[in-house]
Amino acid sequence: MADPGFEVPPYDNWGDAQPYAMWARARATCPVIETEGNDWAPGPTFSTTTFADADRVLRDPATFSSAINAEAMAPFMGELLLGLDGEEHRRYRSLVAQAFKKSSIERWRRELVDTVLTRLLDDIAPLGRTDLVASLTTKYPVQVICGIVGVPLDDHERFNEWAEKINYGPLDPHAGMAASAAMVEYLEPLVAARRTEPTGDLLSELVHAEIDGEQLSDARLHGFLRLLLPAGAETTYRVFGTCLFALLHRPEVMTRVREDRSLIAPLIEETLRWETSVTMVSRRAVLDTEIGGCPVPAGSPVTVYNGAADRDTERWQDPDDWNIDRDPQAHLAFGTGPHQCLGMHLARVELDAGINAVLDRLVDLRLDAAAPAPVIAGYAFRGPTTLPVVFSPSR
Ligand code: HEM
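Each chain carries its own residue numbering, running from 1 in the written order of its sequence. Totals for whole chains, interfaces and linings use every residue, but because this is a predicted model, local features are given only for residues with pLDDT of at least 70 and side-chain atom pairs only at 80 or more, for both listing and counting. Side-chain descriptors were evaluated using all non-hydrogen atoms of the structure, hydrogens and water having been removed beforehand.

Helix numbers and strand numbers start at the N terminus; a helix is a DSSP run of H or I with at least 4 residues, a strand a run of E with at least 2. Helix and strand content of the protein: 15 helices and twelve strands. In terms of overall size, the protein behaves like a compact globule, its C-alpha atoms giving a radius of gyration of 21 Å where 395 residues would be expected to give roughly 21 Å. Judged by the C-alpha coordinates and their principal axes, the protein covers about 60 × 55 × 40 Å. Relative accessibility under 20% of the residue-type maximum defines a buried residue, over 50% an exposed one, and the middle range a partly exposed one, all with a 1.4 Å probe and only protein chains included. Taken across its 395 residues, the protein has 55% of its residues classed as buried. For the protein, the proportion of contacts with a sequence separation of at least 24, taken over those separated by at least 6, is 71%. Both definitions apply: the radius of gyration is a C-alpha atom measure, and the globule rule equals 2.2 Å times residues to the power 0.38. Every residue pair with non-hydrogen atoms within 4.5 Å of one another is taken to be in contact.

The next subject is the packing of helix H5 (residues 102-124) against helix H7 (residues 140-149). At a minimum axis separation of 10 Å, H5 and H7 run at an interaxial angle of 140°. When the axis of H5 is compared with that of H7, the two are oblique. The two elements H5 and H7 cross, and the hand of that crossing is right-handed. In this structure, H5 contributes Trp108, Leu112, Val113, Val116, Leu117, Arg119 and Leu120 to the contact, and H7 contributes Tyr140, Gln143, Val144, Gly147 and Ile148. With axes taken as lines fitted to C-alpha atoms, and helix axes fitted only over the stretch in contact, angles between N-to-C directions fall between 0 and 180 degrees. Each angle receives one of four descriptions, namely roughly parallel if under 35 degrees, roughly antiparallel if over 145, roughly perpendicular if within 65 to 115, and oblique otherwise. Handedness of a crossing follows from how the near helix is turned relative to the far one, being left-handed for an anticlockwise turn of less than a right angle and right-handed for a clockwise one.

What follows is about the pairing of strand E5 (residues 281-285). Two elements, strand E3 (residues 64-65) and E5, share two bridges in a ladder whose sense is antiparallel. Each bridged residue has a counterpart across the sheet, and for Ser65 the counterpart in E5 is Arg284. Here four bridges tie E5 to strand E8 (residues 301-304), and the two strands are oriented antiparallel to one another. Looking at E8, one finds that Ser282 is bridged to Thr303. We call two strands paired when DSSP finds no fewer than two bridges between them.

So, on to the sheet that holds strand E4 (residues 129-131). Pairing in this open sheet of three strands is antiparallel, and the strands run E4-E12-E9 from one edge to the other. One side of each edge strand has no neighbouring strand; the edge strands of this open sheet are E4 and strand E9 (363-367). Taking the axes of each pair of neighbouring strands and ignoring which way they run, one obtains an average angle of 25° across the sheet. Relative to strand E12 (residues 388-392), E4 is paired through three bridges, and the arrangement is antiparallel. Paired with Arg129 across the bridge in E12 is Val390.

As structure tokens, this is what we get:
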């Protein structure tokens, strides 16, 4: 079905877009939408807006291939985990997943996450006024990823710049390729050093990981490292900002959470459901099929709006409300099926540590009434662009 009221905004406007009302209309009237495609996926595209359709597409990789993710990004990211299917994906994922085991995440929290937060909040706490996006959220997960990979924390700005140019590679291929090459050149000596002398960091785990005698090829190792920053930092910093945005707009909830930290876990899950940072994922139908009764020819790109799925009224009451007291139900912020986010446990740990640290260190925290009100915006990636706050200065 084509829906004349449904229009994917031009790519240049994605940063400011507010798509939830349009997705809700589509879900109510025409839940699977056929459009002319977008900058990433030209040609007729089928987009899903309900929870049931999103869940079904993501759990059926034999019909809906992830190879579409490699088509646009392979020149810049190399061999991309996100772009593989079937056995090839399973083997590659099993090798890198070894580095994300529970014991590693616990160690990263102890040795890295809290240290990064303390350093950042030591600078912020005496100020009494700051923009938490500029001074905290944009700096925190990227420094954690650098630390996890084994790159000096002070190099995080170079990594951020490369990650952004790689991400925008399809729009500026020259800059994307240059950033991709610069990142490999930077990492190569580190990879060589870890091969001969493992240090226990993620890089050491990755170069020595082995399943059935198979190790990661250099192309896959570098492909994975180029995916880690955009996948791990760009996503988590935005959700961290949204958790703080929600708390700052609901001071009575902030007081409850400050006093009862067991509420942080439901707060994180509700924020992920309500305003995930990654609102859509891509697939391509490899067989003639249907979604929700709508015929989808083989070869068609399929956009799964997991952001829209997580506000489906069939599954949640008043889904546009942020309500940390809801009965827990699985959401699709991390996707589902074989490509479900590999870093979701790390993301939850980072969000938990980040919220705890802000509540511990920034007393009497509130929105800065003298600054423009913050907004959460974006089409594919969402989060607040500013969070101006005031608090009682402390050491
Ligand atoms: C709140 C933060 C995060 C969100 C909302 C998020 C979201 C997602 C989603 C929706 C997918 C599925 C993509 C698909 O099905 O095509 C995904 C995959 C992935 N994520 Fe995350 N992510 C987050 C944090 C992280 C972190 C911290 C890391 C690693 C450090 C990470 C690494 C990955 C990887 C490697 C994949 C690809 C898995 C595969 O293809 O098998 N993510 N993420």
